[in-house]
Every structure is written in structure tokens, then in C-alpha cells.
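# Geometric and topological summary
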Amino acid sequence: LLVAMASKAQARKIRSMLDGESYRLSYAESSESALEQISKRKFDAVLLNAAPWKSPLKRSGRKIIRAAGETPVVTIPEGGQGTAAAKRHFGTGGWYILWDYLEGDLLDGTISSAITVYQERTALRESEQRFSKIFQLGPGLYIISRANNGYISNVNEAWLDAFGFKRHEVIG
């Protein structure tokens, strides 16, 4: 895990809450250091400090979230207004825990949930890619359509070759 833009005291607080055997923590006090670490290695998750909420922090936080890519980011704002501001600037799709209520089990559960969701999304995407490749490149004549109305959503190359259609002529 990368603890980003947190003071040393905040990083120690997080370290004390998490089981040392479950997570390996890296620490980046500045956004520049966080961005550098993210560019050099893969993290299971990023814990992003969003307190106190100031304009440069917003820009830096967005940069870190973009750099993290698909890596889950758990944002830790301060107070209800901090959460609202963080959601406005970082989006509502992430994970948020208030510093005011931060404790070990909640933090561990949130990180674990974020990592699990990320792993499940990755597995689903990989499975869909494998299915698509098999479907498109398979020698059989494959078609995906709705039974209730005959809507054709996909056909493979072998089907198009066998019947002499272009894809745009049959989809829909």
C-alpha cells in the first residue's frame, strides 16, 4: 500500500492500525514522491490523505488518482465537509473514510474491499477478453442474438465470411 500525502504522524497512525503482516506500507509525504513511487512500482491500493482540504491538495490528489490508474484509491478526508469536497473533486466512485472515524478494522475492511473489487473487475475484464477472442477467431459460425426479438448483437468473422455480409449490415 502507498500512503500518499500524509504527514509522518498520520502515516504512523495508519501503520499502527494495520496488521504489519497483511500489508507492506510505503510512505510518500509529497505528491511528487507519490507520483514517482506509483510510476516505479505497482501497489495493491493507495491511501490518499485529503485533510486539510486546500486547493493545491485537490490538484495533487487528482494527479495521484489519475496516475494510480485502475489501482484502488482510498481517500481519507477530514470531517463531513471534507468528504463532500473530496467526492466533488475526486468523484463518487471511490472509497472514503473520515479521519475522524478512522480505526483499524474499518480501515482494513475498506482496503480489503477495494482490493477485492479491483481483482474481481480485472478477472471479469480478462474473462470477457478471452471470450471475445475465442468468439471472433473461432472456426464455427457464431452469432449472439436475443431470443425474444431476434436482435443481433454480434457475429464472428467466420459467420460474416460464410454469409457474405459486412458487420454493420447485420448488427441491430
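As a reminder, the structure under discussion sits directly above these lines.
So, here's what we can say about the structure. (Residues numbered from 1 in each chain as written. Predicted model: local features only at pLDDT ≥ 70, side-chain atom pairs only at ≥ 80, totals over all residues. Heavy atoms only, no water.)

Unusually for a residue other than glycine, Met5 sits at a positive phi of about 60°. Position of Met5 among the secondary structure elements: in the loop between β1 (2-4) and α1 (8-17). The buried category is assigned to Met5, whose relative accessible area is 9%. (Helix = DSSP H or I, 4+ residues; strand = E, 2+ residues; numbered from the N terminus. Buried < 20%, exposed > 50% of the residue type's maximum accessible area, 1.4 Å probe, protein only.)

Among the secondary structure elements, Gly140 is positioned in the loop between α5 (104-137) and β6 (143-145). Given the relative accessible area of 21%, Gly140 is considered partly exposed. Excluding anything up to four places from it in sequence, Gly140 contacts Asn156 and Ala158. (Contact = heavy atoms within 4.5 Å.)

Sheet topology places β6 next to strand β7 (residues 152-155); three bridges connect them, and they run antiparallel. Opposite Ser145, over in β7, you have Ile152 as the bridge partner. The hairpin formed by β6 and β7 contains six residues between the paired strands, and Gly150 there has a positive phi angle of roughly 75°. (Pairing = 2+ DSSP bridges.)

This part is about the sheet that holds strand β4 (residues 73-77). Across the sheet, five strands lie side by side as β2-β1-β3-β4-β5; this open sheet has parallel pairing. Lying at the two open borders of the sheet, with one neighbouring strand each, are β2 (26-28) and β5 (95-96). Of the strand pairs in this sheet, β1 and strand β3 (residues 46-50) are connected by three bridges, and their pairing is parallel. Of the residues in β3, the one forming a bridge with Ala4 is Leu48.

A large share of β3 lies buried, amounting to five of its five residues. Across the two faces of β3 the burial is the same, with Val46, Leu48 and Ala50 and Leu47 and Asn49 all buried. With five bridges joining them, β3 and β4 adopt parallel strand pairing. Following the sheet pairing, Ala50 is matched in β4 by Pro77.

On to the side chain of Asn156. One can find Asn156 in the loop between β7 and α6 (157-163). Here the side chain of Asn156 touches Gly138 through a polar contact of 3.3 Å, landing on its backbone oxygen. If near-sequence neighbours (up to four positions away) are discounted, Asn156 is found in contact with Phe135, Gln136, Gly138, Gly140, Leu141, Tyr142 and Arg167. (Polar contact = N/O pair within 3.5 Å; in protein donor to acceptor, adjacent residues only side chain to side chain.)

One pass over the full model with this rule turns up three salt bridges. Between Arg167 and Glu157 there is a salt bridge, with the nearest N and O atoms lying 2.7 Å from each other. In this pair, Arg167 sits in helix α7 (residues 167-170) while Glu157 sits in helix α6, placing the two residues ten residues apart along the sequence. (Salt bridge = Lys/Arg side-chain N within 4 Å of Asp/Glu carboxyl O.)

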